[in-house]
Amino acid sequence: MSVAALTLYDRALGAYLGFAIGDALGATAEFMTAREIADTYKGGLRNIVGGGWLRLRPGHVTDDTQMALALGDALLAARGWDLRMVADSFVGWMRSRPPDIGHACRRGIRRYLVEGTLEAPLSEDNAGNGAAMRNLPVAIATLDEPELLVCCSLEQAHLTHHHPLSDAATLAFGRLTQILLLGGSIGDCRRCVSETLALHPRFRFEPWPGNTSGYVVDTLQTVLHAFFRNDSVESCIVDVVNRGGDADTAGALVGQLAGACYGVHDIPPRWLRQLDRGIAERVQRQTAALLSLPRPLPLRAPSTRSIPLPTTE
Ligand SMILES: [Mg+2]
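Quick summary incoming for the structure in this document. (Residues numbered from 1 in each chain as written. Predicted model: local features only at pLDDT ≥ 70, side-chain atom pairs only at ≥ 80, totals over all residues. Heavy atoms only, no water.)

1. Some points on helix α11 (residues 216-229)
Alright, step 1. With 14 residues, α11 ought to run about 20 Å at 1.5 Å a step, and its terminal C-alpha atoms sit 20 Å apart, in line with that.
Alright, step 2. With respect to burial, α11 is a largely interior element, 13 of its 14 residues being buried. (Helix = DSSP H or I, 4+ residues; strand = E, 2+ residues; numbered from the N terminus. Expected span 1.5 Å × (residues − 1). Buried < 20%, exposed > 50% of the residue type's maximum accessible area, 1.4 Å probe, protein only.)

2. Overview of the packing of helix α3 (residues 63-78) against helix α4 (residues 83-95)
Alright, step 1. Between α3 and α4, the shortest axis-to-axis distance is 8 Å and the interhelical angle comes to 140°. It follows that α3 is oblique to α4 by the angle criterion. Seen from above, α3 lies across α4 with right-handed handedness. Here Asp 63, Gln 66, Met 67, Ala 70, Leu 71, Asp 73, Ala 74, Ala 77 and Ala 78 of α3 lie close against α4, whose contacting residues are Met 85, Val 86, Ser 89, Phe 90 and Trp 93.
Alright, step 2. Partitioned by chemical class, the residues of the contact of α3 with α4 number 10 nonpolar, 2 polar and 2 charged. (Axes fitted to C-alpha atoms, helices over the stretch in contact; angles between N-to-C directions. Parallel < 35°, antiparallel > 145°, perpendicular 65-115°, else oblique. Left-handed = near helix turned anticlockwise from the far one by under 90°. Contact = heavy atoms within 4.5 Å. Nonpolar A, V, L, I, M, F, W, Y, C, P; charged D, E, K, R; others polar.)

3. A few points about the environment of Val 193
Alright, step 1. Positionally, Val 193 belongs in helix α10 (residues 186-199).
Alright, step 2. Here the alpha-carbon distance between Val 193 and Leu 176, two residues 17 residues apart in the chain, equals 8.0 Å.
Alright, step 3. When sequence neighbours within four positions are dropped, the list of residues in contact with Val 193 reads Leu 176, Phe 205, Leu 224 and Phe 228.

4. Concerning the packing of aromatic side chains
Alright, step 1. What the rule picks out here adds up to 4 aromatic pairs.
Alright, step 2. Residues Tyr 16 and Phe 19 carry aromatic rings whose centres are separated by 6.3 Å and whose planes lie at 70° to one another, so their mutual orientation is edge-to-face. Linking Tyr 16 with Phe 19, this pair stays in helix α1 (residues 8-26), spanning 3 residues, or about one helical turn.
Alright, step 3. Residue classification places Tyr 16 among the buried residues on the basis of a relative accessible area of 0%.
Alright, step 4. Relative accessible area serves as the criterion here: at 0%, Phe 19 is assigned to the buried category.
Alright, step 5. Where Phe 205 meets Phe 228, the ring centres are 5.9 Å apart and the plane angle is 15°; that geometry is what we call stacked. Placement of Phe 205 in the loop between α10 and α11 and of Phe 228 in helix α11 is noted, with a sequence separation of 23 residues between them.
Alright, step 6. Looking at Phe 205, the relative accessible area reads 2%, which means it is buried.
Alright, step 7. Classification of Phe 228 as buried rests on a relative accessible area of 14%. (Phe/Tyr/Trp six-rings, centres within 6.5 Å; stacked < 30°, edge-to-face > 60°.)

5. Brief notes about the coordination of the magnesium ion
Alright, step 1. Summarising the metal site, the magnesium ion is bound by the protein donors Thr 62 (OG1), Asp 63 (OD), Asp 64 (OD) and Asp 248 (OD), whose distances to it range over 2.0 to 2.4 Å.
Alright, step 2. Mapped onto the polypeptide sequence, the residues donating to the magnesium ion form the spacing pattern T-D-D-x183-D.
Alright, step 3. Under the relative-accessibility criterion, Thr 62 is labelled buried at 0%.
Alright, step 4. For Asp 63, a relative accessible area of 7% puts it in the buried group. (Donors = N, O, S within 2.8 Å, 3.2 Å for Na, K, Ca; no water.)

6. Comments concerning the pattern of salt bridges
Alright, step 1. If you walk through the whole model with that rule in mind, you get 7 salt bridges.
Alright, step 2. A salt bridge links Asp 73 to Arg 282, with the shortest nitrogen-to-oxygen separation between them at 2.8 Å. Here the residue Asp 73 occupies a position in helix α3, and Arg 282 occupies one in helix α15 (residues 277-291), the gap between them amounting to 209 residues.
Alright, step 3. One salt-bridge network, in which partners are shared between bridges, spans Arg 46, Glu 234 and Arg 270. (Salt bridge = Lys/Arg side-chain N within 4 Å of Asp/Glu carboxyl O.)

7. Concerning α3
An α-helical segment advances 3.6 residues per turn. Residues three or four places apart therefore align on the same side.
Alright, step 1. For α3, built from 16 residues, the straight-helix expectation of 22 Å at 1.5 Å per residue is met to within 8% by its first-to-last C-alpha distance of 22 Å.
Alright, step 2. Most of α3 is tucked away, with 12 of its 16 residues classed as buried.
Alright, step 3. Buried within α3 we find Asp 63, Asp 64, Thr 65, Met 67, Ala 68, Leu 69, Ala 70, Leu 71, Gly 72, Ala 74, Leu 75 and Ala 78.
Alright, step 4. Arg 79 sits one or two positions beyond α3 and adopts a positive phi of about 45°.

8. Observations regarding unusual backbone geometry
Alright, step 1. The step from Glu 206 to Pro 207 runs through a cis peptide bond, and the omega angle for that step is 5°.
Alright, step 2. Mapping Pro 207 onto the fold places it in the loop between α10 and α11.
Alright, step 3. Of the consecutive residues Arg 295 and Pro 296, the connecting peptide bond is found in the cis state with omega at -10°.
Alright, step 4. Following the sequence through the fold, Pro 296 ends up in the segment after α15.
Alright, step 5. With phi around 55°, Arg 97 is a residue other than glycine that occupies positive phi space.
Alright, step 6. Looking at the element boundaries, Arg 97 is found in the loop between α4 and α5 (103-115).

See the structure below:
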């Protein structure tokens, strides 16, 4: 199918399934080096086989997809934006004994439980991937509403991560996703990225600096480098996860962009078969429901912030 013929639903479902598949595939290689992956998987890691340091069952996903689903559940339960419901949904997820949970996420959710506060203090330690990785439901629910995208993205981000680079990366992925969901071109994405790079030069990704840690700068560079040099969901995800490091999060985020760009029909059928059926069904139901939320997205509780201006480094 030509990308021009894709519907919004094709793109949104492509983004969410691409995200979950990138997570499920990349989890196998998380914390491995590219050399170790190449030595272990002849021809590269190309199938969802589970394992990895989490010893996942094939087709299962990690905190990235689980937190995104928890965020989406809160949006749907509120039929709008209610940050406390998002925080409560993250609490419910943490109590479900997930396979993994990032340090800053655990700390932020615990702070909410103990203090009831909805914003982590500004911290140098909060520049991990946790906020950017889970924001896809917000991007879908605030389509065509750029100010709401900023407001809701930063509010959910600051529950656990409060750092200018985490903020910038969360917004950059959110904006790129919305451009693609609305049928924008790769050129439109390039222009959007140029604006981000002008504000945050350390995000420059060409040439690729070669780092794959859970630092949000490394992830953004890895994901954008792969997204702009590949032309399919499969090639984008395979390229990223075989670089190792935080392969599940980077795989998820490049799957999100590639799925939004090339649509659900471009996802290899074997990956759709390999993804856990329960996860796939939840993703499918949530995508349709998020697209059906009222527009503009109602703010159900007083917002904790006014809409911020972009900051430079
Ligand atoms: Mg993960």
